[in-house]
Each structure stands twice: as C-alpha cells, then as structure tokens.
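# Survey of secondary and tertiary structure
The primary structure of each chain is shown beneath.
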Amino acid sequence: MGKGAFLGEFEQLVLLALLRIGNEGYGMVVRQELEATTGRPVTIGAVYATLARLEDKKLLSSWRVAPEPHRGGRSRRFFRVEDAGRAVLAETRGMMERMWDGVDVADEVRS
Amino acid sequence: MSGTPRSPRMATLLLRWVLPAADRDDVLGELDREYEECVVPARGGTAARFWYWRQVLGSILWHARQGGRDRRARRRGAFDRLRLDVRFAFRSFGRAPGFAALSVATIALGIGISTAVFSVLNGVVLRPLPYPDAHELVRLWPNWNLSKGVMVQLVDDVDGFSAIHGHVAARETLTGQGEPTELYGVNVTPGYLPMLGVVPARGRLFGPDETVPGRGDVVVLSEGTWRRLFGGAESVIGSTVELGGKTTTVVGVLPATFRPLIEGAEFWRPMRLDPDDFSDYHGIAQVTVVGRLSSGTTLPAASAAVLAVANAQREESPDSYGEEWVAASAPVSLHHSLVSTSRGALWTVMGAAGFLLLIACANVANLLLARAESRHREIAIRVGLGASAGRVARQLLTESTVMGMLGGAIGIGLAAAVLRSASAALPPGLPLSESVALDARVVAFALAATLLTSVLFGLIPALRASRLDPQRYLREASPSVSKSANGMRMNRLFVGAEIALAVVLAIGAGLMLRSLQEIVGVDTGIVATDVTTMRVRLPATSVYAGDSQRADFFGRLTRRLARTGGVRSAGAGTFLPMESGLISAVYEAEGVEYPPNQPPPHAAFQVVLGDYFSSLGIPLLAGRLLNADDVADGPTAGVINARLAEEAFGSVAAAVGKRIIMFGGGADFEVVGVVANSLQQAPGEASAAEAFFSYRQASWWPSMYLIVRAEPGTTVAADDLRAAVWDLDPGVPVLDVRPMDDIVRRASAGRRYFTLLLTGFGVLALVLGSIGVYGLMSYAVNERIYEFGIRSALGASRQRIMKHAVREAALPAILGVAAGCGLAAAMTGAMRGTLYGVAAHDPLTFGLVPVVLLGVALLASYLPARRAAAIDPKRLMSSE
C-alpha cells in the first residue's frame, strides 16, 4: 500500500482530524473536529464514507465498543490511524511542502 | 431520556435508503447521537431539525457524487444500484430497438401535445398579468362600458381603491411621417399608465392637466411604433406629428416589455374630459373602467363601495340607470375579465390533451406487458440467481422511467418547436397570447407529467413481471400451452381503458364539429356573398371640417361607387356587422310607460347612407328606408330593426310612425321603417336592438365603412373601388378592402380553430386506440397459437377460429365503448358553454361515435384473427 498511494484532500483532513483528537474517536467526534477546525460544514455521510474507504486502504483500523446499557444503545465504531496511515500522511505532506517551496501565492494574485 | 425530540423520521428513512448496508447503522447512530447530545441542547428543536436535514441531504449528495468510485460490491448503495439499472435498461432497449422506439415515440407525442397545450393555458389563463401587484387590478362593470361622466364620479366617490382609471379604444390617421397610416391606440386618463406600473423607456407620461381640451395634444408611443415610424431615433421626444389632424407632441415611448390591456395598441393619448360636451361626456357609454384596490381592501368590500356609488347614480338619474346596470357594477379581477371567454375552451383542450396522454400511457403499458412476457426466461434466470421480486420490479420500473424520461425530453423539445412555429397560428383574439412560452411552470408540468406517466405505464407491468414463477419457465423448453386467462386480463383492461378514453375524445370532437356546422349555417341576417367592404376615413383638414362637407363627400362616394362597373348597389355605415364593436345608448319609446324600478332599455345605433341595407341584403319589413328626403335640417328620421320594434312597441307593424327618444333626450326621432334583424357580433350571439340614422342628419363621423354589392357572379376589383375614392380626393386613405365573406369567416375563426384542434385530438386518439387493439390482438393470437392449432387439428373450421379470435377483442372493445359513452355523458355537461345549437348529450354524436369506434376495433382485430385461422396445425406440431 504506501507506494504510489496519494491521498485526496478530504482523506487527508479526516486522518488529521482523527490524529488531532488523540488518534481515537468515533464518527461524530471526527466530524465535529473537522467542522470546527476547517470552518466548513461537514456531513456525517462524507466523513463515514471516507473513514470506511481509508480502512479499506488499511490506513485506519476500527473496532467496536460494547453498547451502552441504557437507551437500547448500539455498539459504536471507533477508528484510529495506523502506522501506514501516518506514513502516507507524512509522504503527502512532504510532497506538498516541496511543491510550495518558493511559491508565494500573494504575489501571483497581485500581479 | 424523555423530552428529547425525535430525529426527523423522513430524513432518517431517506438516509437509510441511500447508505450502503454495511455502514448504515453506524452512520445513523452517530448522526442521531450528535443530534440528541449536542445539537438539540445547543440550538433548540427547530434549528436542530434543520441541522439534521442538512446533514442528511449533504450526505446523500456526497454519496451521489462519490458512490461510483467504490467498486467493492458490498459498498453498493442506492445510487450504485440506480446506475446499474440504468445501464441495464439501455442494454435491454438495444435488444429490442423497435419496441423501445415505438414506446418512446408514443410517450413523446403524448407529453409533447400536453406540454404545448399547457403552455397556452399557462400563458393565457394561469399566469398572472404582467403588471406589478396584478392581483389588485380589477375591472369595474366587467361587461359594460361607462360614460365619462360616470367614471369621473366613481373616481371621486368610491372608497377602497388606490386608483380608478379608464380607457377608450381609438383609431387615428397619422400623417407627416411618410405615407399616411392608421394607428390603433387608446385614450386614457392620466394616471392609467402609472397604475399599471409602467415606466416610460423614454420621455415621460401624461400629467393630470393634460385632459383639459386644448392642453392634451400629447401622445405616448409603443416601442414597436417608435421603431417602425421613427426608426428608433432618440429625437422623437418633443417632436410633433399630425395625429387625427391635430398637431401632437410625442412626449414618451413605452418599453417593449409593456403589455397593453388592448392588444396591439400603438399609442396612448390623454382622454378628453369636457363636461360641457354633453354627448361625449354623458351620452355615450364608451369607457372601460379599471382600478387598483388599495392594499387591505378585499374584493367584496370594494364591490360594496362601488355598489353604493352605483345606487347613488341611479337615484340621481333613474331614467338613465336601472337595476340591471347597478347589479352589473360588481368588480372582478382584471385577469378574469380578460380571459373569461377563452378560459372554458382552453381547459377543455387541456382535458383533451390529458386524455390523449392517458391513451398513450395505456398503449405503452400494453407494449411493456407484451415485452415482459417475452423476457420470461431472462427474468426467471435472474430470480433463480437470487434477485428478489422487489429487485426485479425495481429494475423494470427503472427501465420504464428511463423510457419515460427519454420520451419526455423529446416531447418537451417537440412542444418548444411547435410553440415557436405555431405562435402565429394561435386563434385570433386570444388574449395575452404573447405570454405563451416554455417557462419554469411549463417545464415543471412536463417533468411531472413525464414522471407520472412513467409510473402509470410502468408500474403494473413491473409488478406483474416480478411475480412470475421462475420454475415454470426454466423447466419447459417452450411453452406449449397458452398462458392462463388471468395473464391476458391486464392487457384487456388496458385496451378497454384506451378505447373508453378514445370514445370520450371522439365524442367531444364530434359535438364540436356539429356545433361548428350549426354556427356556420346560422342565418347572419345578411347576404355576404358578392359583397366587398372598405373603410374610408376623412382626414381632419378644413375641407372636411363641416358636417355638410362630410355628408357631401360620402354621398358623392356612394353614388360614384354605385356607378362603377359591375356594382349593383353601394352604401355606407359607421359600423360593420361582426367587425366593429357596438355603441349603445338608453332609449325610451314615446307613449310607453316605463315602470320606475325597471332598468331602462338600451339599443345600439348606427349611421348609414346610400343603399346600406340592400347592399348587405337586409330586407325591409315595414315602412321605408332612409333616403334623400331625410335632409340635414329636416325632422330626424330613424329606421329600427325588428328586435327594437318588438321591444319598444310590441310588433313590427306598430312601430312605424312612432317616436323614440335616445341618449336621454339627445335625439328624438320618428320611426320611418323597420328592417330585419342581422347579427352584429360573432355567430352564436343574439342580435341586439338597433337603430339606424341617416348620415345626412348625423354627420359627425369622419370614418365610414363602404359596402359594395356586385352583380351576381361578378367581382369588383379592389383597385376599382380605391380608384372611385381617389377620383373624388386622392388624399383620402382607403383601408381594409375586404370581401364580406372573409369577415364572417373570421368572426367564427376562434371557434373553428378550437374545433379543429379537438378533432385532431379525436383522430389521434382513434389512431392510438386502433394501434392498441391491433397490438393486443396480435399478441393474443401469438400467445394462443398452439391452442388455435389444436382446435384446427380437432376439426374447427376457419370461421369458428376467426370468430373465437375476434371475440377476444370484442369484449374489451364493447366494454370500453360502453364505459367511454358513460364517461362522456358525465363530462360533456361541462362543454355546454362552448356548444352551439347542439345538446350536450346529442343523440346523433353519442350514437355514431361508438359505432364507428367499435367498427374500427373489430377491423383492427380482423387481420390477426385471419392469421389465427390460417394456422396449419401440422407445421405447428412438427416445429415444437
């Protein structure tokens, strides 16, 4: 996995959000963190689809927590970023930094 | 926890349907969790629900966009299934292109016609008038015109209106801008255009002081007129023209987007309000009064206010205004008053188009049913591989929806093309016909119609196909026994329904045709053959300023025309039957007691010259016609029609020699003769009481219609007629040279158009219905081919087999026809308003149409039946 894998923008954001909240969280918390930090509205459907896809790519792992006793609660699914995920994030970041090097967007806009 | 509001159920279900099965519970769990724990406490019930919906819709959108990227089978959500079904649908069309093309074409036809008709209905009846706050605009005395004096009184006295104004149609010659030309326009009160919310594109509108005689020589032009006559030059504002002989200043130009209340109006002038000019101000009811309700005033409240003023008027001058006039005062919405005549006809056509669409649906449903049968094997295999009945049904429904959408898209394109090319062909006099276009509402209608028809024709075949028993079809090599009678039931039902609808359409068309026949044959009271008319308008120069000069000109003109080669007689009149509007006035017959509470009677009036009556073929019934003895200074003489004679004096004979007072005393004449009634308006309307005066005694009209009757069998050339006028004065414009026949025909044009349309629909319905029956029969024969073979082998004669096969079609056809007649009987009552001379349950139509349709149905079943009878049993058995 790793080699040649390129993360989409939203995938990056989801991974980062998960890491920000302590690399352990379920969908709701990831969504809230994403929305709060990016300042853009985020839907739970998008977050979950991305989490699932990242898990397919083995960049995340998930497990289920026993349901809470009250409210006929369901079991909830926790996610965490795996080492492979961290690695791809780092690689992607490095790629972006190399591309950004020497580029000043402010100047381009003004001219 | 009690008290926590439940998450919106519909949103939950929606999301559940879209999400892939694997993640469904998790996502919804997280969503509900956040909703209950975070959002509701923070934002409260309504904002929280809003948040929930946003989450659901956003997630659905995400899945719609991203869903295709995940190729894993287990991730498949609703959108992936949809994509798959659509691809499958196109593939199955490819396997049976003829069937698909026929279905799509049928749907396109149905949707196209319905959409086109709806566009017209929308533009004319449904769309609000193109003025700001158009719902506030009303017409007072919706079917009457008022005198200028009464209008002014209303303006002063009535409460509840923010504005009351009036308009009078006018025609004036424009000279000084190239060739003299005649313009149609409107004389209006100063605030009339601002009331309609018009802002001039250039220049200004009128001021209130411009109604005073001598001050009002200003005019505002329409955009089209400005471009046509002034080439769109900016310098037009402030320039002067000769309009109606008066030097008039152009002060403004209206924008092209303005829709005048009188279609085709080219100019607007301030209405002359001069209380001292008795006959113009009080004597003639010529003003159409419109108003704008003040905000907060309801129509009933306004009605009451108007009624109060009307009653006050009546008390003041009880001779002039009766109860009928007062009762007629109730204002109606302006929109309603403009479209009320076309409304009924348009809704009927819409209904007919709707029926046609239903028939198209039934046809396609039949096709689908037939096709589903031939796909048994394919469906059985899918079921065997694990597809649920619901899945199969869904896929078939998707197919029919895709077909419907294709047909709908083509149909909309068809409608757009038809509207573009046929906008010139819309019936004359259809109000607001410029508003007919494919706007948002029309497209929404087309979309809704498409979806509805897709469901209608697709649902039943889909449900049926999904309930097939796969075992039966997988085990047998080929079906050797015909399918159960049950299987054909749906087909028969659809065909029966089609035929019923076709019967209704055909009966509707039949009634209209008969009605048209009656109208065309109606006695107009004139003999229109060999008659040519033209209009001559004397320019307002000093040459024709005096009454005697005008009388002299027209007198010489009629004599000159009578001497022209080929002419038998010539006359002139101020109005032409079926062409111009009538002006009426109150009258009183001398020596007749009019009870105080009765409305005073009205009569129309005209001024004539020369051989007016004989040229039009109106016979004299008693007394004499107007002639040269009725000179300018002599006693006023009048000829009345039979209707007025009977109304005023009880009989034609009794009228001669009696006196009548008109215009509330403005005219007082002796009845010298009585003529037969003639139609003044379109055929289908009763003729009004009418009085005729001699032009020599009432020469104030500068414009007259000349009526020229040719010797039987000859035609008089238009050029000869014009030459006759120009011989007397080459500067006099001659307009509208037309045969009288054309005018009579044009008067019934709207009705004819409407009938043609309905007849077209009826024919289409017939064609579609026949196709449906033919299809059903073919299909039935194919299905039962072995059965017929066996019967034949067992000794049944060809006739018996044919009879058997035809009976197959006969039953649904007969039931369909019967049902159709019943439906038609229930529905034609609604057409009563548009029928003329024909009962809504006309026995001839109701008897003939079913017989014809039954005959067609049986004919359509004949061919397949013959095929059934020609089956060679031996070949059939050996091929099995």
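Thresholds, definitions, all that
Residues numbered from 1 in each chain as written. Chains lettered and ligands numbered in written order. Predicted model: local features only at pLDDT ≥ 70, side-chain atom pairs only at ≥ 80, totals over all residues. Helix = DSSP H or I, 4+ residues; strand = E, 2+ residues; numbered from the N terminus. Contact = placed C-beta atoms within 7 Å. Buried ≥ 20, exposed ≤ 12 C-beta atoms within 10 Å, placed from the backbone. Pairing = 2+ DSSP bridges. Nonpolar A, V, L, I, M, F, W, Y, C, P; charged D, E, K, R; others polar. Core = buried A, V, L, I, M, F, W, Y, C linked by C-beta atoms within 7 Å. pLDDT = per-residue confidence, 0-100. Axes fitted to C-alpha atoms, helices over the stretch in contact; angles between N-to-C directions. Parallel < 35°, antiparallel > 145°, perpendicular 65-115°, else oblique. Left-handed = near helix turned anticlockwise from the far one by under 90°. Expected span 1.5 Å × (residues − 1). Bend = angle between axes of the 7 residues up to and from the residue.

On a plain count of helices and strands, chain B comes out with 28 helices and 21 strands. Put simply, 84% of the contacts in chain B that link residues at least 6 apart link residues at least 24 apart.

Let's shift gears to the overall build of chain A. On a plain count of helices and strands, chain A comes out with five helices and three strands. Expressed as a percentage of its 111 residues, the buried residues of chain A come to 32%.

Residue and element names in this part refer to chain B. Counting buried positions over the eight residues of strand 20 (residues 703-710) gives seven, a clear majority of the element. One ladder, built from seven bridges, connects strand 11 (residues 531-537) with strand 20; its direction is antiparallel. Following the sheet pairing, Val531 is matched in strand 20 by Arg709. Sheet topology places strand 12 (residues 567-573) next to strand 20; six bridges connect them, and they run antiparallel. Its bridge partner being in strand 20, Gly573 is matched across the sheet by Tyr705.

All names here are of chain B. Within the secondary structure, Ser694 sits in strand 19 (residues 690-694). Sequence separation of Ser694 and Leu625 is 69 residues, and the distance between their C-alpha atoms is 9.6 Å. Discounting chain neighbours no more than four positions away, the residues touching Ser694 are Val608, Leu609, Leu626, Asp630 and Ala637.

Now for unusual backbone geometry. Its identity is not glycine, yet Asn23 of chain A carries a phi of approximately 55 degrees, on the positive side. Here Asn23 of chain A lies in the loop between helix 1 (9-20) and strand 1 (25-26). Its identity as a non-glycine residue notwithstanding, Asp530 of chain B has a phi of 65 degrees, on the positive side. One can find Asp530 of chain B in the loop between helix 17 (485-520) and strand 11.

Taken together, the 14 residues of chain A in the interface contact 17 residues of chain B. Of all the elements in the fold, those that place two or more residues in the side of chain A that touches chain B are helix 2 (27-38), helix 3 (44-56) and strand 3 (76-81) of chain A. Examining the composition of the side of chain A that touches chain B, we find that seven residues originate from one element, helix 3 of chain A, more than from any other. Taken together, the residues of the side of chain A that touches chain B break down into seven nonpolar, three polar and four charged.

Our next topic: the nonpolar core. All names here are of chain B. Leu356, Val503, Leu505 and Ala765 are the most contacted members of the largest nonpolar core, which has 100 residues in total. Of all the elements, helix 12 (residues 334-374) adds the most residues to this core, at 19 residues. Excluding residues within four positions of it along the chain, Ala765 makes contact with Phe355, Leu356, Ile359, Leu501, Ala502, Leu505 and Ala506. Grouped together as the second largest cluster of nonpolar side chains are 68 residues, Leu557, Leu576, Ala603 and Leu679 included.

Time to look at the confidence of the model for chain B. All names here are of chain B. In the predicted model, chain B carries a mean pLDDT of 81, and 88% of its residues have values of at least 70. Across chain B, strand 1 (residues 137-139) holds the top mean pLDDT of 93, while helix 16 (residues 470-475) sits lowest at 58. This prediction of the complex comes with two scores: 0.66 for pTM and 0.85 for ipTM.

A separate point is the sheet that holds strand 2 (residues 60-65) of chain A. Residues and elements named next belong to chain A. If you walk across this open sheet you meet the three strands as 1-3-2, and the pairing is antiparallel. The sheet terminates laterally at strand 1 and strand 2, the two strands that pair on one side only. In this sheet, strand 3 lies alongside strand 1 in antiparallel orientation, the contact comprising two bridges. Paired with Gly25 across the bridge in strand 3 is Phe79.

What follows deals with the packing of helix 18 (residues 547-563) of chain B against helix 22 (residues 718-728) of chain B. All names here are of chain B. Where helix 18 meets helix 22, the closest approach of the two axes is 10 Å, and the angle between their N-to-C directions is 140 degrees. By the angle between their axes, helix 18 is oblique relative to helix 22. Regarding helix 18 and helix 22, the two cross each other, and that crossing is right-handed. In this structure, helix 18 uses Phe553, Arg556, Leu557, Arg560 and Leu561 to contact helix 22, whose residues at the interface are Leu721, Ala724, Val725, Asp727 and Leu728. In the contact of helix 18 with helix 22, the residues fall into seven nonpolar, no polar and three charged.

Turning our attention to helix 26 (residues 798-827) of chain B. Residue and element names in this part refer to chain B. The end-to-end C-alpha separation of helix 26 is 43 Å, in line with the 44 Å expected for 30 residues at 1.5 Å each. In helix 26, a bend of some 30 degrees at Ala809 exceeds every other bend along the element, and Pro812, a proline, comes one to four places later. If you check which residues of helix 26 are buried, you get Ile801, Met802, Ala805, Val806, Glu808, Ala809, Pro812, Ala813, Gly816, Val817, Gly820 and Ala824.

Note on placement: Asp633 of chain B falls in the loop between strand 15 (620-623) and strand 16 (637-641). Measuring from C-alpha to C-alpha, the distance between Asp633 of chain B and Gln697 of chain B comes to 7.4 Å, with 64 residues separating the pair along the chain.

What follows deals with the pairing of strand 16 of chain B. The side chains of a regular strand alternate, first on one face of the sheet and then on the other. Residues and elements named next belong to chain B. The buried fraction of strand 16 is high, at five of five residues. Burial along strand 16 is two-sided: the face carrying Ala637, Val639 and Asn641 and the face carrying Gly638 and Ile640 are both buried. The pairing of strand 16 with strand 18 (residues 667-675) spans five bridges and is classified as parallel. Bridged to Ala637 within strand 18 is Glu670. Inspection of the sheet shows strand 16 paired to strand 19 by three bridges, in the antiparallel sense.

What follows deals with the environment of Arg139 of chain B. Residues and elements named next belong to chain B. Among the secondary structure elements, Arg139 is positioned in strand 1. Of the residues examined, Arg139 has 20 C-beta atoms within 10 Å and is grouped as buried. Between the alpha carbons of Arg139 and Val289 there is a distance of 6.1 Å; along the sequence they are 150 residues apart. Contacts of Arg139, omitting those with residues within four sequence positions, involve Val290, Pro331, Val332, Leu334 and Ser337.

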